[in-house]
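The lines below spell out each chain.
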Amino acid sequence: ITNKFFFGLVKMIKKWDRGYVLCLILKGSIFFSVIPPLLGWEALERELSERNNFVEEMDNYFQRWLKQDVVYIISQEEKEVFQVLQTYREKEEFIEEFWRRRDDDQLTVFNQFKEEHYRRLAYANEHFQSGLPGWKTDRGRIYIIYGEPVEVVKNRSRNNYRRSVQGSRNVSPGYVFEIWRYKYIEGIGPDVEVEFVDSSGSGEYHLARVPLERNS
């Protein structure tokens, strides 16, 4: 490389965006053998390391959003669309539109649906963790989807529990359990009861599949 070409190249590189230069390096262009001495190997390694960290952080962010933040409220169709998006910009625009569609009052500054959703997520993680993050538990899932019940009945002992079942009285040793009552759940109806059972006594509740599971 002649001095005239070399200094001409330096002048041209100074005008380029630094990210573009690194892009050329990463793609294995002829500049790979020229630019390191100009930037300094340590500076170059630092640039590449920061870039790799950025890419990893962004990938983790989008995976966490899909598989944790909105796992219970995203539709299968939306999930499939999101998974084929290629660029960060496309994914960010998808996320913005995702929340916008669910905002009942788009005239306000804040997206109330989004704010409430993340409040529920934080509450679930704080109150329902039991060997698992709160959002992964049955109680956490129900709370995130349906919100706070109007009433919670808790039985923290294994003493006999008397309850009316289909017009009869049932008395038997029972598990530790909770009953959450909702006035109305869309798609289910009014006066909904959701029951959780801690059959092992470990503090890990699971959704009761049959009404009398806690007594079995």
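Above: the structure in question.
A short tour of the structure in this document, coming up.

The rules behind each value
Residues numbered from 1 in each chain as written. Predicted model: local features only at pLDDT ≥ 70, side-chain atom pairs only at ≥ 80, totals over all residues. Heavy atoms only, no water. Salt bridge = Lys/Arg side-chain N within 4 Å of Asp/Glu carboxyl O. Helix = DSSP H or I, 4+ residues; strand = E, 2+ residues; numbered from the N terminus. Buried < 20%, exposed > 50% of the residue type's maximum accessible area, 1.4 Å probe, protein only. Core = buried A, V, L, I, M, F, W, Y, C linked by side-chain atoms within 4.5 Å. Contact = heavy atoms within 4.5 Å. Pairing = 2+ DSSP bridges. Axes fitted to C-alpha atoms, helices over the stretch in contact; angles between N-to-C directions. Phe/Tyr/Trp six-rings, centres within 6.5 Å; stacked < 30°, edge-to-face > 60°.

Section: the pattern of salt bridges
Scanning the entire structure with this criterion turns up 10 salt bridges. Arg 100 is the partner of Glu 97 in a salt bridge, and the nearest nitrogen-oxygen pair spans 2.6 Å. Residue Glu 97 and its partner Arg 100 are both found in helix 6 (residues 88-101); the two are separated by 3 residues, about one turn of the helix. The class of Glu 97 is partly exposed, set by a relative accessible area of 30%. The exposure class assigned to Arg 100 is partly exposed, which follows from its relative accessible area of 38%. Note that Asp 138 and Arg 141 form a salt bridge whose closest N and O atoms lie 3.3 Å from each other. With Asp 138 and Arg 141 both in helix 8 (residues 138-146) and 3 residues apart, this pair spans about one turn of that helix. Through salt bridges with shared partners, a single network forms among Glu 78, Glu 97, Arg 100, Arg 101 and Arg 102.

Section: the nonpolar core
By size, the foremost hydrophobic cluster in this structure holds 16 residues, and its most contacted members are Ile 142, Trp 180, Tyr 182, Val 194 and Phe 196. Among the elements of the structure, helix 7 (112-127), helix 8, strand 4 (176-185) and strand 5 (189-198) are those that each provide at least two residues to this core. Sorting elements by how many residues they give to this core places strand 4 first, with 4 residues. What Tyr 182 contacts, discounting residues up to four positions off in sequence, is Ile 142, Tyr 146, Gly 147, Glu 148, Pro 149, Val 150, Asp 191, Val 192 and Val 194.

Re the sheet that holds strand 6 (residues 206-207)
Here 4 strands make up an open sheet; going across it, the order is 1-4-5-6 and the pairing antiparallel. Unpaired on one side and paired on the other, strand 1 (151-155) and strand 6 mark the two borders of the sheet. Inspection of the sheet shows strand 5 paired to strand 6 by 2 bridges, in the antiparallel sense. Considered in strand 6, the bridge of Phe 196 is made with Leu 207. In the packing of helix 8 onto the sheet, contacts are made with strand 4, strand 5 and strand 6, and the angle to strand 4 comes to roughly 15°.

Side note on the pairing of strand 4
Of all 10 residues in strand 4, 7 are buried; the element is thus mostly enclosed. Pairing of strand 1 with strand 4 involves 5 bridges; the strand directions are antiparallel. Looking at strand 4, one finds that Asn 155 is bridged to Phe 177. One ladder, built from 9 bridges, connects strand 4 with strand 5; its direction is antiparallel. Bridge pairing in strand 5 places Arg 181 opposite Glu 193. In sequence, strand 4 turns back onto strand 5 through a hairpin of 3 residues, with Gly 187 there showing a positive phi of about 90°.

Considerations on the packing of aromatic side chains
Throughout the structure, instances matching the rule amount to 19 aromatic pairs. A ring pair is formed by Phe 54 and Tyr 88, whose centres lie 6.1 Å apart and whose planes are at 75°; its orientation type is edge-to-face. With Phe 54 in helix 4 (residues 41-69) and Tyr 88 in helix 6, this pair connects stretches of sequence that are 34 residues apart. A relative accessible area of 45% places Phe 54 in the partly exposed class. Relative to Phe 128, the ring of Tyr 123 has its centre 5.9 Å away and its plane inclined at 70°; by these criteria the two rings are edge-to-face. With a relative accessible area of 29%, Tyr 123 lands in the partly exposed category. Residue Phe 128 is classed as buried on the basis of its relative accessible area, which comes to 7%. Ring pairing ties together the aromatic residues Phe 54, Tyr 61, Phe 62, Trp 65, Phe 82, Tyr 88, Phe 94, Phe 98, Trp 99, Phe 113 and Tyr 118, which thus form one cluster.

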